[in-house]
Amino acid sequence: MPSDKLTVRGVSKIYSQDRGQVVLALDHTSLSVQEGEFVSLIGPSGCGKSTLLDLVAGLTTPDSGEILLAGQSIVGQRGKVSYMPQSDVLFPWCNVVDNVIIPLKLQGVPLAEARAEALALLPAFGLEKFAASYPYMLSGGMKQRAAFLRTYLCKKDLMLLDEPFGKLDALTRMQMQGWLLDIWQRFKHSVLFVTHDVDEAILLSDRIFLMSPSPGKILVEIKIPLSRPRHPRMVTEKTFIEIKRELMRWLETGIFAQEEETSWQNKEF
Amino acid sequence: MKNWRNIARGDWNTFLLPTGTLLGFLITWEVLVKVTAIEKWLLPAPSAILKALWSVKELIWQHSLQTMQETFLGLALAVVVGVVIATAIDWSEELKKAVYPLIIASQTIPIIAVAPLLIIWFGYGLLPKVLVVALVCFFPITVNLTDGYRLVESDMLRLMSAMGANRRQIFRMVKLPAAMPFFFSGLRIAGTYSVMGAVIGEWLGASRGLGIFMTRSSQSFLTDRVFAAIIVITILSLAIFLLVEGLARLTMPWHYQRK
Ligand SMILES: Nc1ncnc2c1ncn2[C@@H]1O[C@H](COP(=O)(O)OP(=O)(O)OP(=O)(O)O)[C@@H](O)[C@H]1O
Ligand SMILES: [Mg+2]
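Residues numbered from 1 in each chain as written. Chains lettered and ligands numbered in written order. Predicted model: local features only at pLDDT ≥ 70, side-chain atom pairs only at ≥ 80, totals over all residues. Heavy atoms only, no water.

### Looking at the site of ligand 1
All names here are of chain A. Where we set the bar: For each residue, the test is whether any non-hydrogen atom lies within 4 Å of the molecule or strand; if one does, the residue is near. In the analysis that follows, any N or O atom pair within 3.5 Å is treated as a polar contact, provided that within protein one partner can donate a hydrogen and the other can accept it, and provided that, for residues neighboring in sequence, both atoms belong to side chains. Put simply, DSSP marks the helices as runs of H or I at least four residues long and the strands as runs of E at least two long, and each gets a number from the N terminus on. Ten residues, namely Ala, Val, Leu, Ile, Met, Phe, Trp, Tyr, Cys and Pro, are considered nonpolar, four, namely Asp, Glu, Lys and Arg, are considered charged, and the remaining ones, Gly among them, are considered polar.
The local shell around ligand 1 holds 14 residues, among which Ser45, Gly46, Lys49, Ser50 and Thr51 are the closest. Here Gly46 contributes a backbone N or O atom positioned 2.8 Å from an oxygen atom of ligand 1. Between ligand 1 and the protein, one listed contact pairs an oxygen atom with a side-chain N or O atom of Thr51 at 2.5 Å. Of all elements in the fold, only strand E2 (22-34) and helix H1 (49-57) reach the threshold of two or more residues within the shell around ligand 1. By residue number, the principal contributor to the shell around ligand 1 is H1, which donates three residues. Classifying every residue of the shell around ligand 1 by side-chain character gives four nonpolar, eight polar and two charged.

### Brief notes about the domain arrangement of chain B
Residue and element names in this part refer to chain B. Definition in use: Here the limits of each domain have been adopted from an automatic or database domain assignment. Throughout, a contact is declared for two residues whenever any of their heavy atoms are within 4.5 Å. Put simply, buried area is the surface a 1.4 Å probe can reach on two separate parts but cannot reach once they are joined, added for both. In what follows, salt bridge is the name for a side-chain nitrogen of Lys or Arg lying within 4 Å of a carboxyl oxygen of Asp or Glu.
Segmenting chain B into domains produces domain 1 (1-37) and domain 2 (42-258). A straight line from the C-alpha centre of domain 1 to that of domain 2 covers 29 Å. Listed per partner, the contact involves five residues of domain 1 and seven residues of domain 2. Here domain 1 packs against domain 2, burying approximately 460 Å² in sum over the two surfaces, 72% of which is carbon and sulfur. On the domain 1 side of the interface with domain 2, the three residues burying the most area are Trp29, Glu30 and Val33, jointly 89% of the side's total. Where domain 1 packs against domain 2, one counts zero salt bridges. The residue inventory of the side of domain 1 that touches domain 2, partitioned by class, reads three nonpolar, no polar and two charged.

### Looking at the UniProt feature "domain: ABC transmembrane type-1" (unreviewed entry) in chain B
This is how the line gets drawn: UniProt positions are given in the numbering used here, feature names are shortened, and annotations may be inferred rather than shown by experiment.
Look at the UniProt record and you will see "domain: ABC transmembrane type-1" (unreviewed entry) annotated at residues 64-244 of chain B. As annotated, residues 64-244 of chain B comprises 87% helix and 0% strand, and the C-alpha atoms at either end are separated by 19 Å.

### Re the coordination of the magnesium ion (ligand 2)
Note on metal geometry: ideal angles are 109.5 degrees for four donors arranged tetrahedrally and 90 or 180 degrees for six donors arranged octahedrally. Heads up, the rule is: Think of the donor list as every N, O and S atom within 2.8 Å of the metal, or within 3.2 Å for Na, K and Ca; water never makes the list, so a site can look incomplete.
In the first shell of the magnesium ion (ligand 2), the protein supplies A:Ser50 (OG) and A:Gln86 (OE1), at 1.9 to 2.6 Å from the metal. Linking A:Ser50 in helix H1 with A:Gln86 in the loop between strand E6 (82-84) and helix H2 (96-100), this pair joins segments that are 36 residues apart in sequence.

### Notes on the pattern of salt bridges
Close approach of charged atoms allows side chains with opposite charge to pair. Residue and element names in this part refer to chain A. This is how it is decided: For every residue, the accessible area obtained with a 1.4 Å probe (protein chains only) is divided by the maximum for its type, and the residue is called buried under 20%, exposed over 50%, and partly exposed between those limits.
Under the counting rule described, the total for this entry stands at 19 salt bridges over all chains. A salt bridge links Arg207 to Glu37, with the nearest nitrogen and oxygen atoms 2.7 Å apart. Separated by 170 residues along the polypeptide, Arg207 in strand E9 (residues 207-212) and Glu37 in the loop between E2 and strand E3 (38-42) bring together distant segments of the chain. Judged by its relative accessible area of 5%, Arg207 falls in the buried class. As a salt-bridge pair, Arg115 and Asp98 come within 2.9 Å of each other at their nearest N and O atoms. Residue Arg115 is located in helix H4 (residues 111-121), and its partner Asp98 is located in helix H2; the two are separated by 17 residues in the primary sequence. Overall, the relative accessible area of 15% leaves Asp98 in the buried class.

### Regarding the domain arrangement of chain A
Residues and elements named next belong to chain A. The domain architecture assigned to chain A consists of domain 1 (1-81 + 157-269) and domain 2 (86-155). Look at where the C-alpha atoms of domain 1 and domain 2 centre, and you get two points 26 Å apart. With 17 residues of domain 1 in contact, the opposing surface of domain 2 contributes 12 residues. Taking both sides of the interface into account, the surface hidden between domain 1 and domain 2 amounts to around 1400 Å²; carbon and sulfur atoms contribute 67%. Its largest share of buried area at the contact with domain 2, domain 1 owes to Met159, Met176 and Trp179, together 31% of the area lost on that side. At the boundary of domain 1 and domain 2, one finds three residue pairs in polar contact (both at pLDDT 80 or more). Among the elements of the structure, strand E7 (158-162) and helix H6 (170-187) are those that each provide at least two residues to the side of domain 1 that touches domain 2. Looking at the side of domain 1 that touches domain 2, the element that brings in the most residues is H6, giving seven residues. For the side of domain 1 that touches domain 2, the residue count by class is nine nonpolar, three polar and five charged.

### Brief notes about the UniProt feature "transmembrane region" (unreviewed entry) in chain B
UniProt's entry tags residues 12-32, 71-91, 98-124, 130-152, 173-206 and 226-248 of chain B with the feature "transmembrane region" (unreviewed entry), counted in the numbering of this structure. The span residues 12-32 of chain B shows a helical share of 100% and a strand share of 0%, and its end C-alpha atoms are spaced 30 Å apart.

Now the structure itself:
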């Protein structure tokens, strides 16, 4: 579909590990993200979610398949999308402002201008009081917000978020989800969001791609018909529960399927 | 704020306890010398050493100036050479393979053996002493900085390249600041050895400097002056150490606040 923001088509990735062992991390995976769409990628640990984001970010190259951004191949090209890694990766030698303006500095924006732009955005990210704080002074949630602001300042049309709330406690997590919904409703980026958490995926997404592990592939694509704007309270609604039930059913069959898949896989190698 | 008192007490203890140990040691020394009436040229009492230090303070100061000059020039040269080598090695894997093992191996050559060669080549002037200091000091700087560059968190490098940074930007914005604590560990070690390097250089031939002052004093059996020179060398080394420490705290406040 040419109207897609991001198209991943038939992408496979093989990692060779120590002692000549190979791992098929992704097996002919396809997905798409449309303009202004929030898409989640959900699946068990080790199914290749981070690998897929790495491929889109150009950090590795696929062994087959194509990756298109607005119709143009971006295989192996870096700096085309906004990317937020699984851990916050804030630099301890920079305060919050200087951490978040790193993408601007890379693009050659003058320092004073970059700082002014970041300062103006800090309130929206709940960091206005922490402009001059160093990362070790921040709570986990604040670190993630700073990392998210840095990602936002990459100013690319597509955002890749790798489990941004994975390490937070349940309460902070809920708070951050509400906050991300606000931000997203305001700025309407195209987002590809990786998570382990079924509730989180349903609450935030327009569509969910469910992955099965070893080898990683897309099991099913599910549309979320919940209305926008959304709110964390919606997790108790009837439609929400129904969607969750369907997703859980898929997850269970996915795991059964995976067992057959693996035995077949062993014969193959 | 509650912790303030504890921190202060901890700092005082770390300062007072070693001072106490030192005082105890000096008093024992003084008493033993007095009791056994050991001859002054063999082992002078601490009080005699201090007296000697005071009486030759002008002379020692002149010699110290020379030694300090050699030390600072040598240390500066070592920093420049160490930073250049470590950075070049980090830039090119081939260069690292070609050079790094040799740098490590070079440390098995005793400096005492090389120093006479420097005298032969460069005479009795300032240069050979500066070179001895630099030879002693460049190694810890090079090795520590090389480690610092190598041990940068790979997540940081990945994030930078995902954001489209080129090699130079990654070096300037991530590798350099991340390696700073390692650089300063190297500089701290180098700084403490540097005065010793200058003194060794002077032993082999010089007209001025604490090394030559020590040689002359010991040849005249003015043992109290030898000890006076040792005190000055210790104070100089400590001063350099504190200078490096202060510089480190100034340039990397984030590193110290973190703990
Ligand atoms: N650089 C690499 N070298 C070798 N194998 C790798 C590499 N990166 C990932 N893998 C393998 O690829 C598979 C998928 O890893 P990936 O990190 O994409 O999983 P994930 O879905 O992100 O897991 P998690 O939810 O725990 O983050 C794993 O089996 C992993 O061991
Ligand atoms: Mg992952």
